[in-house]
Amino acid sequence: MTTGAASDAHAGRIELAIGGMTCASCAARIEKRLNKIEGVTASVNYATEKARVEFPQGVSPEDLVATVEKAGYTAELPPPPKDETAGARADEPGDGLRAVRQRLVTAVVLSVPVIAMAMVPALQFEYWQWLSLTLAAPVVVYAGWPFHRAALTNLRHGAATMDTLVSVGTLAAFGWSLWALFFGTAGEPGIKHGFEFSMTRSDGSMNIYLEAASGVIAFILAGRYFEARSKRRAGAALTALLELGAKEVAVVRDGREERIPVERLAVGDVFVVRPGEKIATDGTVREGSSAVDASLLTGESVPVEVGPGDAVAGATVNAGGRLLVTATRVGADTQLAQMARMVEDAQTGKAQVQRLADRISGIFVPVVIGLAVATLGFWIGTGGGVAGAFTAAVAVLIIACPCALGLATPTALMVGTGRGAQLGILIKGPEVLESTRAVDTVVLDKTGTVTTGRMALVDVVTADGVDADEVLRLAGAIEDASEHPIAQAIAKGAAERVGTLGTVEDFANVEGLGVQGIVDGHGVLVGRPRLLAEWSQELPADLDRAMRDAQRRGHTAVAVGWDGEARAVVTVADQVKPTSAEAVERLKALGLRPVLLTGDNEAVARTVADAVGIEEVIAEVLPQDKVDAVKRLQERGRTVAMVGDGVNDAAALAQADLGLAMGTGTDAAIEASDLTLVRGDLRVAADAIRLSRRTLRTIKGNLFWAFAYNVAALPLAATGLLTPMIAGGAMAFSSVFVVSNSLRLRRFRPLTGDGAPAGGRPAAASRAEVPATR
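Residues numbered from 1 in each chain as written. Predicted model: local features only at pLDDT ≥ 70, side-chain atom pairs only at ≥ 80, totals over all residues. Heavy atoms only, no water.

Observations concerning a nonpolar patch on the surface
How we decide: Exposure above 30% relative accessible area and the lack of any salt bridge qualify a residue for a patch; like charges then connect within 9 Å, and the nonpolar side chains Val, Leu, Ile, Met, Phe, Trp and Tyr within 5 Å. Computed with the Shrake-Rupley method and a 1.4 Å probe, the accessible areas treat only the protein chains shown as cover for residues. Here, a salt bridge means any Lys or Arg side-chain nitrogen found within 4 Å of an Asp or Glu carboxyl oxygen. The numbering of helices and of strands both runs from the N terminus, where a helix is a DSSP run of H or I of at least 4 residues and a strand a run of E of at least 2. Relative accessibility under 20% of the residue-type maximum defines a buried residue, over 50% an exposed one, and the middle range a partly exposed one, all with a 1.4 Å probe and only protein chains included.
Side chains of Met119, Val120 and Leu123 sit close together on the surface and give an oily, nonpolar patch of about 220 Å² of accessible area. Position of Met119 among the secondary structure elements: in helix α5 (residues 95-119). Taking the relative accessible area as the measure of exposure, Met119 reaches 35% and is therefore partly exposed.

Examining the pairing of strand β17 (residues 504-510)
Selection criterion: When DSSP finds two or more bridges between two strands, those strands count as paired.
Pairing between β17 and strand β18 (residues 514-519): five bridges, direction antiparallel. Bridge pairing links Glu505 to Ile518 in β18. Joining the antiparallel neighbours β17 and β18 is a turn of three residues, in which Gly512 adopts a positive phi near 80°.

Focus on the UniProt feature "transmembrane region" (unreviewed entry) in the protein chain
Under the convention used in this document: UniProt positions are given in the numbering used here, feature names are shortened, and annotations may be inferred rather than shown by experiment.
UniProt feature "transmembrane region" (unreviewed entry): in the numbering of this structure it lies at residues 104-121, 127-145, 165-186, 206-226, 360-380, 386-409, 702-719 and 725-743. Taken as a whole, residues 127-145 contains 89% helix and 0% strand, while its terminal C-alpha atoms sit 27 Å from one another. For residues 165-186, the helix share is 82%, the strand share is 0%, and the end-to-end C-alpha distance is 26 Å.

Observations concerning helix α19 (residues 485-498)
Under the convention used in this document: A helix's residues, less one, multiplied by 1.5 Å, set its expected span. Contacts: residue pairs with any heavy atoms within 4.5 Å of one another.
With 14 residues, α19 should cover 20 Å at 1.5 Å per step; its first-to-last C-alpha distance of 20 Å lies within 8% of that length. Every buried residue of α19 is listed here: Ile486, Ala487, Ala489, Ile490, Ala491, Gly493 and Ala494. Lining the buried residues of α19 we find β16 (451-462), α18 (468-480), β20 (556-562) and β21 (565-576). Positive backbone phi, at 85°, marks Gly499, one or two positions downstream of α19.

A few points about the sheet that holds strand β6 (residues 256-261)
Spatial strand order, β6-β5-β7-β13-β8-β11: six strands in an open sheet with antiparallel pairing. Whereas interior strands pair on both sides, the edge strands pair on one side only; in this sheet they are β6 and β11 (311-312).

Below is the structure:
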């Protein structure tokens, strides 16, 4: 991706920030205009409001901006890299979202009494119609202005969208109401507004449709508001990634330490990393040895031992001793920055599914407007009178006015997402639902998703005549004095099993090998076999075999010896979550093929896969390899869902057709995903897909019936057999139907342990434990 500096080269690839789009058809129009330029390939994403453009020599970014502006929209060149995060923070309040919210509040507050007075005769006092006009006018003019402005823009470019129909329908209803009030009989004192169900023609001079004009605008603005709120968070994954890095670093200059902002760090600088600190940037260890927790970037659950000459990555955590590191890559060249770019590329490149209402509107809107004009001309031409002709034309526009269409998606989405939130499932927007229908493959990250992501004591193998509890009492005591993550796992497991640990004296950390000390009078060694060998404590054959078996399974094994003899092998590992096997079975039941994806080695991956019932495994992958793995599956014709929880999963989550993030994971993964599972239970992933599919079916059903009501009544309106009042009633009924259909989603139930919906058959009383493994 080039930046604003690309204007010098006048060739390459650039991303433009697009403004003024109101529906998916706007994105298609901009894309079509850009692709008409010779040599230009453009992809416009409505969700992220960005256009990714590849352009040849002779075409400048400024030419691209001008093309977008000629189409009636705005375009901006990307800011310099240093301003990206600052810009994200500056835009966080969301000026566009605030404007939509203000218009929505205005529309709702003023429309409610207008609708109430029109529908409830008891509220119709002597001059109620003039109060309705006073309240409805600001709704139509101010709150509805975005629709009218978009309709004018579309008109100038010979196009029509749902904005066009909203604008024409509401203005026609409002304009007819003004005529009826000032020139007809609707403005007379004491007039009552009642429904007429007879299909007889009248001049319509006593009918006003202010409630239709204001109600349509209020309903559709509500949908726009919820859509804008979800779209505002599209770039948050990048901010979450960049926030992971260190803010300050201790640089060694002239033999003295100096703390400086990490932005001032240069290649070749030597800096200090103390235990518990983040490594400021990518580099090479110059002095010291330690364990580095690289799980954020690599997915590797076990901290990596590093020493002089080893490479370390920025944003990883030093879990052990003091390190002196030489910076090799800084700024945009670091692994963290590259991951941020991958997330951005994957998000921008994700295809935006066109909403059904917008697709149909390309044909439906011009047909309705043409039918209304034809109706007006027909009745005038046949001597029906101007008032009668206009009544029929208004009936056509009102019956086709997309009130139910505006409700179809937001009501189902609100009910579905509300029910999902109760069950620990967060759906980010309606575009997510389309993906759940077609998904046939689910890629599961191992660490933190299928497994707990935390090291735990798994097994103790002892020599003949040695008590396992004694091993844990002594080894746990000495490991408790160490800050190493593996040592802490052993100490915690020992304390849970034997209770009180021994007292440690003369504790020492032998770098890269293990720890030693005196516990209750015993000289204890815990660590690699080499440490014990240095004290002439060779592992007997059975313990050596146990250590090799553990390593073959992907576990981490340490030797324990005291008083001159090797006594035991203690094994720790990342454990499979007790619910993961059941979750995999549920995903299979939904027709999904599970794939395990991990940065760990093949042995670890196979062990975990066998424990939960997964056949396909992709192991030993780096973050960029995870993205490539998802792409390869997609190239083979699969529609891929990805479930993950770490920063290393963020780009793959964004690349997948459907991204599901565990809520117990990092902010970067959550923001890059389409669905967030608040609980760290993989079974919720199956419920999330079930709920999403059901919500999508509800939306499709809503759209079908919304169109069906309107289309079926259009011929009646055009022939003059349907008064505008009945047209308004039919439109209101279709809205009630849509809302009622959406409310059925409140009855969605998650599956229990035996596969039955909650509230049905009781779950099994107990389940077999999943083998503790990593």
